[in-house]
Amino acid sequence: MAAQRAQAADTGGPYRALVCLFMNGGNDSHNWLVPADAAGYAEYARARADLAWPTGSLLPIAATGQDAGRAFAVPMELQPLRAWYERGRAGFVANAGPLTRPITLAEYKAGTAVPAKLFSHNDQQSTWQSLAPEGARSGWGGRMGDLLMSANQQPLFTAVSATGNAVFLSGSSVVQYQLSGSGPIRARALGSSWVQGSSTAGAILRRTLAASGDNLLQSEATRVMQRAIAADDALSSAFLATAVPAIPATPVSGGSTLNNEGLARQLRVVAQMVAAGQTLGMRRQVFMVSIGGFDTHGNQMRDQPVLMSRVALSIDYFLTTLQGMGLLDNVTLFTASDFGRTLVSNGDGSDHGWGAHHVIAGGGARGGMIHGRFPVTALGTPDDVGSGRLLPGISVTELAAQLGGWMGLNRSELEGVLPNLPAFGNRLPAMMAA
């Protein structure tokens, strides 16, 4: 069924790829995109108290997409992202989060259509990635891959993770291919010998795997190993021949340098995979990278600048690298996280929330804009379900639908990937370029 439906997807035209950057722990995005008009900042400062970003540390951005008179700013640590925003190559998605359908504050209080297991790390990580709590068997990135993989000459490289196994990339047919921060994870032959690097060990292993067996477990293990070796054979020459700029030793807040940051290394290997895909006959790919540390119940004002700097500089390196390779228009990166956090301070940080602001950047993004209605950043509003936890104005489903549409999926296919999409109609303006 997936293969049949994939033929209907529009995979003509240029190569396209999605990159999910997942911030594990629940990012406090209230301090990533800050109201800067007098009334808006005053509300924000009252609600946040000791967690409010000082005005002297904020940089203004264009308020395109929001009501007249509104103004917004980002912290200095996000200056690399701000530069892409002002050039129209990055945008913000305001107050996004999991929803089964649009709901009101009254419905939330009545328990009507409330997503399952809100505020739980594992469940909300899974819900962002799959639209279901922990235990989901597939993710919406993998379900897209099911429909797109037939367009690729090397279907095994349709869904690629640089951060280990992820439900986001799990599908019915697609198998997520995993990379390390330094490149392909190769199959080992004997001892510490690489299959690719040891002709003797590799030849022995290949002959062993070629022998058929009647044991089902042995047969499955053999199939998986043969697939790994075939992938290594196909990818190694294209991957190693691809020139990708080294990560610069740019200082990162907190004393590190960018070339020592795991996220930057993940994004470099994704850029290398994107470039290699041009010679491997790839038409559509979905990637995932991640960074941890966002569960800021304590020491938030100490740790958050470091996290911002790591993300902003890593994205800047990635977009700059793609631009240098002539592939910036072909790749869209978006951020995701367990959930947003409370506006209210717990005395040293913030607690688990719901809606949050996110970034879309690269080829498909309509940049230089804040998409969706920016919520009132205050307590006791129709956007506040308690302690400044925001009732999302944009659902993960709607964001995923816009990303999937850019990848070439039609409405029928999107409804297969995102079963609750019909509940949202077509209420959002386009976040993605044609």
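Values in this document were obtained by computation on a predicted structure and should not be read as measured data. (Residues numbered from 1 in each chain as written. Predicted model: local features only at pLDDT ≥ 70, side-chain atom pairs only at ≥ 80, totals over all residues. Heavy atoms only, no water.)

A. Quick look at the pairing of strand S13 (residues 356-362). Across the seven residues of S13, seven count as buried, placing the element largely inside the fold. Summarising the sheet, strand S5 (residues 90-97) and S13 pair through five bridges and their orientation is antiparallel. By the bridge assignment for S13, Gly91 is matched with Ile360. Here three bridges tie strand S12 (residues 331-337) to S13, and the two strands are oriented antiparallel to one another. (Buried < 20%, exposed > 50% of the residue type's maximum accessible area, 1.4 Å probe, protein only. Helix = DSSP H or I, 4+ residues; strand = E, 2+ residues; numbered from the N terminus. Pairing = 2+ DSSP bridges.)

B. Structural view of the pattern of salt bridges. Counted according to the given criterion, the structure contains ten salt bridges. Arg70 is the salt-bridge partner of Asp37, the closest N and O atoms lying 3.0 Å from each other. Of this pair, Asp37 sits in the loop between strand S2 (34-35) and helix H2 (38-48) while Arg70 sits in the loop between strand S3 (58-61) and strand S4 (72-75), and the two are 33 residues apart along the sequence. Residue Asp37 is classed as buried on the basis of its relative accessible area of 13%. For Asp329, the salt bridge goes to Arg89, with nearest N and O atoms at 2.7 Å. Note that Asp329 is positioned in the loop between helix H10 (300-324) and S12 and Arg89 in the loop between helix H3 (79-86) and S5, a separation of 240 residues in sequence. What makes Arg89 partly exposed here is its relative accessible area of 21%. (Salt bridge = Lys/Arg side-chain N within 4 Å of Asp/Glu carboxyl O.)

C. Up close: the sheet that holds S3. The strand order across the open sheet formed by three strands is S2-S4-S3, and the pairing between neighbours is antiparallel. Two strands bound the open sheet, and with one partner strand each, they are S2 and S3. Packing of H3 onto the sheet brings it into contact with S3 and S4, and relative to S3 it is tilted by some 10 degrees. (Contact = heavy atoms within 4.5 Å. Axes fitted to C-alpha atoms, helices over the stretch in contact; angles between N-to-C directions.)

D. Highlighting the side chain of Thr335. In this fold, Thr335 is placed in strand S12. At a separation of 3.0 Å, a polar atom in the side chain of Thr335 contacts the side chain of His358. Here the side chain of Thr335 touches Val359 through a polar contact of 2.9 Å, landing on its backbone nitrogen. In this structure Thr335 touches Leu21, Met23, Trp128, His358 and Val359, once residues within four positions along its chain are discounted. (Polar contact = N/O pair within 3.5 Å; in protein donor to acceptor, adjacent residues only side chain to side chain.)

E. Layout of the environment of Glu398. You can see Glu398 is positioned in helix H11 (residues 396-406). For the pair Glu398 and Gly425, spaced 27 residues apart in the sequence, the C-alpha separation amounts to 9.3 Å. Filtering out sequence-adjacent residues up to four positions away, Glu398 remains in contact with Gly393, Phe424, Arg427 and Leu428. A polar side-chain atom of Glu398 sits 2.9 Å from the main-chain amide nitrogen of Ser395.

F. Just the pairing of S4, in detail. Here two bridges tie S2 to S4, and the two strands are oriented antiparallel to one another. Paired with Pro35 across the strands is Phe72, a residue of S4. When S3 meets S4, the two strands line up antiparallel, connected through four bridges. Directly across from Leu59, in S4, lies its bridge partner Val74.

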